[in-house]
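Spelled out, the chains give:
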Amino acid sequence: MAVWNPWRGCHRYSEGCKYCYIHKGDAKRGVDTNQIVRAENFDAPIQKKKNGEYKMKSGQLVFLCFTSDFLVEEADEWRKECFAIMKERSDLHFLFLTKRIERFEACMPDDWGDGYDNVTVSCTIENQERADFRLPIFSKLPIKHKNIVCQPMLERINIEQYLDDVECVVVGGESDRNARVLDYDWVLDIREQCKRKQTHFDFRQCGTHFRKDGTEYTIATRYLCSQARKAEINF
Ligand code: SF4
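For every chain, the first residue of the written sequence is number 1, and numbering continues from 1 along that sequence. Local features in this predicted model are restricted to residues of pLDDT 70 or higher, and side-chain atom pairs are both shown and tallied only at a pLDDT of 80 or more, whereas totals for entire chains, interfaces and linings draw on every residue. Each side-chain value is worked out from all heavy atoms of the structure, with water and hydrogens disregarded.

### What about the sheet that holds strand β5 (residues 93–98)?
The condition is simple: Only when DSSP finds a minimum of two bridges between them are two strands counted as paired. Here a helix means four or more residues in a row that DSSP labels H or I, a strand means two or more in a row labelled E, and each is numbered from the N terminus. In this analysis, axes come from line fits to C-alpha atoms, helices being fitted only over the stretch in contact, and the angle between any two N-to-C directions falls in the range 0 to 180 degrees. Whether two residues are in contact is decided by their heavy atoms, any of which lying within 4.5 Å being enough.
Pairing is parallel across the open sheet formed by seven strands, whose spatial order is β1-β4-β5-β6-β7-β8-β10. With partners counted over all chains shown, the strands left at the sheet margins are β1 (2–4) and β10 (200–205), one partner each. Recorded for the sheet is a direction-independent mean angle of 25° between the axes of neighbouring strands. Pairing between strand β4 (residues 61–64) and β5: three bridges, direction parallel. Following the sheet pairing, V62 is matched in β5 by F94. Set on the sheet, helix α5 (residues 184–197) makes contact with β7 (145–150), β8 (168–172) and β10; between it and β10 the angle comes to about 160°.

This is how it looks when you write it as structure tokens:
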């Protein structure tokens, strides 16, 4: 597994951005997240060692743009270079998330065709309104590998009608002292939708404020993922 962050910075875009970890981390370091800055390591996947081999080892999953949204507006002039890099490194598999899926079509490279084999696009949703806006767009896009990320999940969401060509649905709560509550019933409900459509399901993290059987719990950040794993409901 590798990480490739060709730029950093993002603007809040929808309800799910309220406690964005990038904004929180930058605020602690006095960095203005709203400034979108190209990284020195922009071309990390094609950097080579003295012996001519790529520094980034072949066969890995590469998490792309985890310090921004890959489709953020200010990066339009840089993104085509990134697609060219992904094409050159067809021996790696790239995965990025976006809350701006409606921008995808205008951002696609000319040779995208029906999608690159080595790219997974994850469309992020947080509530029913965003699901009903983003997922019909997502389902029509030519993308070979599609995931839906429902994190932070802010309410019960029905996405069953949009699951036909989706490989995996990731669900998680919000992490923050003031986080909005995650109800375990909503998690189980979306899991049932995935089961019916035979779509992989991954309960990635609990919420700081987590409700189960009507009782609300507060969970420390370091246990959010391990507590979700303990539920053993992934498939
Ligand atoms: S779109 Fe993503 S990266 Fe940008 S502010 Fe929202 S949560 Fe953060």
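Read on for the rest.
### Considering the layout of surface pockets
What counts is decided by this rule: Lining residues are those with an atom within 4 Å of a point, where the points come from a 1 Å grid over the protein atoms alone and group into cavities, where a 1.4 Å probe fits but cannot get out, or pockets, open sets with protein on both sides within 12 Å along at least five of seven lines. Grid points are joined across faces, edges and corners, and a volume is the space filled by probe spheres set on the points. Think of it as three bins: nonpolar holds Ala, Val, Leu, Ile, Met, Phe, Trp, Tyr, Cys and Pro, charged holds Asp, Glu, Lys and Arg, and polar takes everything else, Gly as well. Residue ranges assigned to the domains are those given by an automatic or database domain assignment.
There is about 1000 Å³ of room inside the largest pocket. Contributing to the lining of the largest pocket are 39 residues, with Y21, F66, L97, V149 and Q151 lying nearest its centre. Counting only elements with at least two residues in the lining of the largest pocket, the list comes to α1 (21–29), β4, β5, β6 (119–125), β7, β8, β10 and α6 (224–230). Here the lining of the largest pocket gets four residues from one element, more than from any other, and that element is α1. Split by residue class, the lining of the largest pocket holds 19 nonpolar, 13 polar and seven charged. Built from parts of two domains, the lining of the largest pocket gets at least three residues from each of domain 1 (1–125) and domain 2 (151–235). Space inside the second largest pocket adds up to approximately 160 Å³. Lining the second largest pocket we find Y184, F203, C206, F210, K212, Y217, I219, Q227, K230 and A231. Those elements giving two or more residues to the lining of the second largest pocket turn out to be β11 (209–212) and α6.

### Re the site of the ligand
Put simply, the rule is: For this purpose, a residue is taken to be near a molecule or strand whenever a single non-hydrogen atom of the residue falls within 4 Å of it. In this description, a molecule resides in a pocket or cavity if more than half of its atoms sit within 2 Å of the grid points defining it.
Around the ligand, the neighbouring residues are C10, H11, R12, C17, C20, I22, H23, S68, D69, K99 and R100. The cavity where the ligand resides is the largest pocket. Partitioned by chemical class, the residues of the shell around the ligand number four nonpolar, three polar and four charged.

### Details of the domain arrangement of the protein
Stated precisely, the cut-off is as follows: Two parts lose some accessible area (1.4 Å probe) when they are put together, and adding that loss for both gives the buried area. For salt bridges, the criterion is a side-chain nitrogen of Lys or Arg within 4 Å of an Asp or Glu carboxyl oxygen.
We note that the domain assignment places domain 1 (1–125) and domain 2 (151–235) within the protein. On the side of domain 2, eleven residues touch domain 1, which itself brings seven residues to the contact. At the boundary of domain 1 with domain 2, total buried surface from both sides reaches about 720 Å², with 51% on carbon and sulfur atoms. Where domain 1 packs against domain 2, one counts one salt bridge.

### Regarding the environment of A44
Heads up, the rule is: Think of it in three bands: with a 1.4 Å probe and only protein chains considered, a residue is buried below 20% of the maximum accessible area for its type, exposed above 50%, and partly exposed in between.
With respect to the helices and strands, A44 occurs in the loop between β3 (37–38) and β4. What makes A44 buried here is its relative accessible area of 15%. Separated by 38 residues in sequence, A44 and P6 have C-alpha atoms that sit 7.9 Å apart. If sequence neighbours within four positions are ignored, A44 has contacts with W4 and M56.

### Let's talk about the pattern of salt bridges
Summed over all chains, the structure comprises 25 salt bridges. Measuring nitrogen to oxygen at the nearest pair gives 2.7 Å for the salt bridge that ties R89 to D91. Between D202 and R204 there is a salt bridge whose closest N-O contact spans 2.8 Å. When its relative accessible area of 18% is taken as the criterion, D202 is described as buried. When its relative accessible area of 39% is taken as the criterion, R204 is described as partly exposed. Linked through salt bridges whose partners overlap, the residues forming this network are R8, D26 and R29.

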